[in-house]
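# Structural overview for review
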Amino acid sequence: MTQDFLQAATALADTLAAENRALTNLDFGRATALLAAKQRATEAFAQAATTSEDMRTRRNLFADVATRLRDLGAENQRLLERAVFVQGRVIGAIVRAVPKLAGGVPRYGAGGA
């Protein structure tokens, strides 16, 4: 069971690290593509954590993995917040540009084109 816990923790850490790299590069497509893998890794980690040895044993044996997961999780949160902010800025720029672009376009209304 210890090995299952270690493998699950490592898989989750690796998945978070991959997502963090994608978010750092503003590669939202890649980050989104990792969502299912992150969900599976999180579920496997939660399952392994409940079936592994007592918490004290896990903590002593896997302090490095726990620290890595904590740090990656904090970085992931920061990067996700940044991604939302960047997306908001992009959407805002599009919203502001549309009226300028549509200014010379004929519009269809009650009186025709």
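The structure reproduced in this document is the subject of the present report. The structure presented is a predicted model; accordingly, all values stated were derived computationally and were not measured. (Residues numbered from 1 in each chain as written. Predicted model: local features only at pLDDT ≥ 70, side-chain atom pairs only at ≥ 80, totals over all residues. Heavy atoms only, no water.)

### Quick look at the nonpolar core
In this structure, Leu12, Leu16, Val65, Leu69 and Leu72 are the most contacted members of the largest nonpolar core, which totals 13 residues. Those elements that place two or more of their residues in this core are α1 (2-24), α3 (35-51) and α5 (63-102). The leading source of residues in this core is α1, at 7 residues. Residues contacting valine 65, with those up to four places away along its chain left out, are Leu6 and Ala9. With 5 residues, the next largest nonpolar core counts Ala22, Leu23, Ala31 and Ala83 among its residues. (Core = buried A, V, L, I, M, F, W, Y, C linked by side-chain atoms within 4.5 Å. Buried < 20%, exposed > 50% of the residue type's maximum accessible area, 1.4 Å probe, protein only. Helix = DSSP H or I, 4+ residues; strand = E, 2+ residues; numbered from the N terminus. Contact = heavy atoms within 4.5 Å.)

### Overview of α3
Its 17 residues place the ends of α3 25 Å apart at the C-alpha level, agreeing with the 24 Å of an ideal helix rising 1.5 Å per residue. Taken as a whole, α3 has its buried residues at Lys38, Ala41 and Ala48. Taken end-on, α3 shows its buried residues confined to a sector of 95°, consistent with a single buried face. Facing away from the buried surface of α3 by more than 90 degrees, the exposed residues are Arg40, Glu43 and Thr50. (Expected span 1.5 Å × (residues − 1). Arc of directions from axis to C-beta.)

### Details of the packing of aromatic side chains
Within the structure shown, the criterion is met by 1 aromatic pair. Ring plane angle 35° and centroid distance 5.4 Å describe the contact between phenylalanine 5 and phenylalanine 45, whose orientation is recorded as tilted. Pair noted here: phenylalanine 5 is in helix α1 and phenylalanine 45 is in helix α3, with a separation of 40 residues, a long-range link. The class of phenylalanine 5 is buried, set by a relative accessible area of 8%. Accessibility expressed as a relative area gives 22% for phenylalanine 45, which makes it partly exposed. (Phe/Tyr/Trp six-rings, centres within 6.5 Å; stacked < 30°, edge-to-face > 60°.)

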